Amino acid sequence: MAKTILVTRSSMPTYEEYCEEIKKLWDSHWLTNMGAEHQKLQSNLEEYLDCPNVVLYTNGHLALENIIAAMQFPKGAEVITTPFTFASTTHAIARNGLVPVFCDVDPETYTIDADKIEALITGKTVAIVPVHVYGNICDVEKIDEIAKKHNLKVIYDAAHAFAAKYKGISAANFGDASMFSFHATKVYNTIEGGAVCLRDPALVKTLNEMRNFGMRDAENIIYAGGNAKMNEFQAAMGICNLRHLDAEITKRKKAVERYRENLGGISGIKLCKPQRDVESNYAYFPAVFDGFKATRDEVFAKLAKQNITARKYFYPLTNSFECYRDLKTAGAGKTPVAAYIADRVLTLPLYADLSEDDVDRICEIIMK
Ligand SMILES: *Cc1c(COP(=O)(O)O)cnc(C)c1O
């Protein structure tokens, strides 16, 4: 049987390195609630991301939900975002009692089309939640300008953008806040995990309280908060994985270059161009099939038959989810560029240990 290749494979330290890191937990018996590993990872990340305020979470979704909650927008207020994203982004807005308003995406980067934002602003708009899709960096300058002009908050879903930089500035430092996901499938993982990054420390205390049942201390409970703390085993995995991240990204880059050599210039296959001024993290390898001899769904099926998993990512658009059908802003037809991409895109397998031979084999099957 042909060798199985999954769309992703989690980066891990050696077994010995992880054991060395968690050994201390058998001395302290302190397993969660901001223990020593949590504090060490937080400061390592503040340094790595060149961001003064990192608040750690048990996953990226709750990090995003919490930072939106921390802004304390009035219920029913509108938030401009895009439907070309993972369910999490739209859910985080809706679960805070806010109304997602869907803006179309740019046809080259698949991030929010900044030229289409202002037309969607109403008296109820309070924030913009753009997504750095595939690690492509949004038009942060134009978004910043619009936000300042209309007095809106900007919260980036940077789940895909860990370690990416724009003009030498880490993706953690744009807008009012950025959320990273450290899920097992991401470029950098803490098994499950996430963070909110802020330049301004004003909301740090609020986030610390919100992620821990809204408790300021044992007798003062300020918010009806949930539980979203990162535990010590997650933090230990993060400490180990961070040591090897730059090397892992270099390996991903090699695989991406191999894909580009094989598929670049093929009629009917469109690849993402490297972005100017962006240091990429090589998080995903999307290919858009349009006018190719096979459709996206046929390529997907052909790969699956050879035990290779690609992913229709992102499909369907969040504005066509059943749970949002009653929103007046719903409907894939209102975001035609996003709908076009969602119907044609496939992210191909990509991880640090994907060999050039594997890439060649995947491309051969696509081309056959
Ligand atoms: C992974 C992801 C999330 C959610 O992160 P989790 O850590 O899995 O909760 C949110 N947004 C996007 C775009 C993602 O890819």
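Since this is a predicted model, take the numbers as computed values, not measurements. (Residues numbered from 1 in each chain as written. Predicted model: local features only at pLDDT ≥ 70, side-chain atom pairs only at ≥ 80, totals over all residues. Heavy atoms only, no water.)

1. Here we look at the overall build of the protein
Which entries qualify depends on this criterion: Helix and strand definitions here come from DSSP, where helices need a minimum of 4 consecutive H or I residues and strands a minimum of 2 consecutive E residues; each element is numbered from the N-terminal end. Only C-alpha atoms enter the radius of gyration; for comparison, a globular chain is expected to reach 2.2 Å times N to the power 0.38, where N is the number of residues. Note on classification: 1.4 Å probe, protein chains only; a residue is buried when its accessible area is under 20% of the maximum for its type, exposed when over 50%, partly exposed between these limits. We call two residues in contact whenever any of their non-hydrogen atoms come within 4.5 Å of each other. Surface accessibility in these figures is a Shrake-Rupley result with a 1.4 Å probe; residues are shielded only by whichever protein chains are displayed. Just so you know, the count uses Lys and Arg for positive and Asp and Glu for negative, and it drops His and the chain ends. Note that the charge is assigned to NZ on lysines, CZ on arginines, CG on aspartates and CD on glutamates.
Along its length, the protein carries 11 helices and 15 strands. The C-alpha radius of gyration of the protein comes to 21 Å, within 12% of the 21 Å expected for a compact globule of 368 residues. Overall size of the protein, expressed as C-alpha extent along the three principal axes, is 65 × 55 × 35 Å. Relative to its 368 residues, the protein shows a buried fraction of 54%. Across the protein, contacts joining residues at least 24 apart in sequence account for 71% of those joining residues at least 6 apart. When the accessible surface of the protein is split by element, carbon and sulfur atoms take 53% of a total near 16500 Å². Where the 43 positive side-chain charges of the protein centre and where its 47 negative ones centre are 4 Å apart.

2. Here's the deal with the pattern of salt bridges
The test is simple: The rule for a salt bridge is simple: a side-chain nitrogen of Lys or Arg has to be within 4 Å of a carboxyl oxygen of Asp or Glu.
The final tally for this structure, using the stated rule, is 30 salt bridges. For the salt bridge of E21 with K40, the shortest nitrogen-to-oxygen distance reads 3.0 Å. Within this pair, whereas E21 is found in helix α1 (residues 15-22), its partner K40 is found in helix α3 (residues 36-48), the two being separated by 19 residues in sequence. By relative accessible area, K40 is classed as partly exposed at 30%. R258 is paired through a salt bridge with D360; the nearest N and O atoms lie 2.7 Å apart. With a gap of 102 residues between them, R258 in helix α8 (residues 232-263) and D360 in helix α11 (residues 356-367) connect regions that are remote in the sequence. Residue classification places R258 among the partly exposed positions, given a relative accessible area of 21%. Linked through salt bridges whose partners overlap, the residues forming this network are E17, E21, K24, E37, K40 and R243.

3. Remarks on the environment of K270
Defined as follows: Between N or O atoms, a polar contact is any pair within 3.5 Å; within protein, one atom must be a potential hydrogen donor and the other a potential acceptor, and residues adjacent in sequence are included only when both atoms are from side chains.
As for its position among the elements, K270 is in strand β12 (residues 269-271). For the pair formed by K270 and Y284, sequence separation is 14 residues and the distance between their alpha carbons is 14 Å. A distance of 3.2 Å separates a polar side-chain atom of K270 from the backbone oxygen of P107.

4. Focus: the nonpolar core
What counts is decided by this rule: Buried Ala, Val, Leu, Ile, Met, Phe, Trp, Tyr and Cys residues form a nonpolar core when they are joined through side-chain atoms within 4.5 Å. The split of the chain into domains comes from an automatic or database domain assignment.
In terms of nonpolar packing, the biggest core is built from 90 residues, with L45, F84, F162, L303, L348 and I366 touching the most fellow members. Examining the composition of this core, we find that nine residues originate from one element, α8, more than from any other. No fewer than three residues from each of domain 1 (15-239) and domain 2 (245-367) sit in this core. Other than its neighbours up to four places away in sequence, L303 contacts I308, A310, L346, L348, I362, I365 and I366. In this structure, L64, M71, L98 and V196 belong to the second largest nonpolar core, which totals 27 residues.

5. As for the sheet that holds strand β15 (residues 345-348)
In plain terms, the rule: Pairing between strands is defined by DSSP: at least two bridges between them are needed. Fitted lines through C-alpha atoms give the axes, limited to the stretch in contact for helices. The angle between two N-to-C directions lies from 0 to 180 degrees.
Pairing in this open sheet of three strands is antiparallel, and the strands run β12-β14-β15 from one edge to the other. At either end of the open sheet lies a strand with only one pairing partner, and these are β12 and β15. For this sheet the average axis-to-axis angle between neighbouring strands, irrespective of direction, equals 35°. Alignment of β12 against strand β14 (residues 285-289), held across three bridges, turns out to be antiparallel. Paired with K270 across the bridge in β14 is V288. Contacts from helix α10 (residues 336-344) reach β14 and β15, with the element oriented near 50° to β15.

6. Quick look at the sheet that holds strand β6 (residues 165-166)
The strands making up a sheet associate through backbone hydrogen bonding, with each pair oriented either parallel or antiparallel. Read from one edge to the other, the open sheet built from three strands follows the order β7-β6-β13, with strand pairing classed as antiparallel. Two strands bound the open sheet, and with one partner strand each, they are β7 (169-170) and β13 (278-279). Here β6 runs beside β7; their pairing, made up of two bridges, is antiparallel. Counterpart to K165 in the pairing with β7 is S170.

7. Regarding the site of the ligand
Operational definition: Definition of nearness: a residue and a molecule or strand are near each other if at least one heavy atom of the residue lies within 4 Å of the molecule or strand.
Close to the ligand lie 16 residues, the nearest being G60, H61, D157, S181 and K186. Here an oxygen atom of the ligand sits 2.8 Å away from a polar atom, N or O, in the main chain of G60. In this structure, D157 approaches the ligand through a side-chain N or O atom, which is 2.7 Å from a nitrogen atom. Counting residues per element, the ones that place at least two in the shell around the ligand are α4 (60-70), α5 (87-94) and β8 (177-181).

8. Points about the domain arrangement of the protein
The test is simple: Buried area: the sum, over both parts, of the accessible surface (1.4 Å probe) that disappears when the two are put together.
If you check the domain split of the protein, you get domain 1 (15-239) and domain 2 (245-367). Here domain 1 and domain 2 have C-alpha centroids that lie 24 Å from each other. Each side of the interface is counted separately: domain 1 has 41 residues, and domain 2 has 37 residues. Summing the contributions of domain 1 and of domain 2, the shared interface buries around 3300 Å²; its carbon and sulfur component is 62%. The largest per-residue losses of area from domain 1 upon contact with domain 2 belong to Y110, Y134 and V187, which jointly make up 20% of the total buried on that side. On inspection of domain 1 and its partner domain 2, the count reaches three salt bridges. Ionic pairing is found between K273 and E108, a salt bridge with its closest N-O pair at 3.1 Å. Between the two partners, domain 1 and domain 2, sit 16 residue pairs in polar contact (both at pLDDT 80 or more). Going through the elements one at a time, α5, β3 (99-102) and β6 are the ones with two or more residues in the side of domain 1 that touches domain 2.

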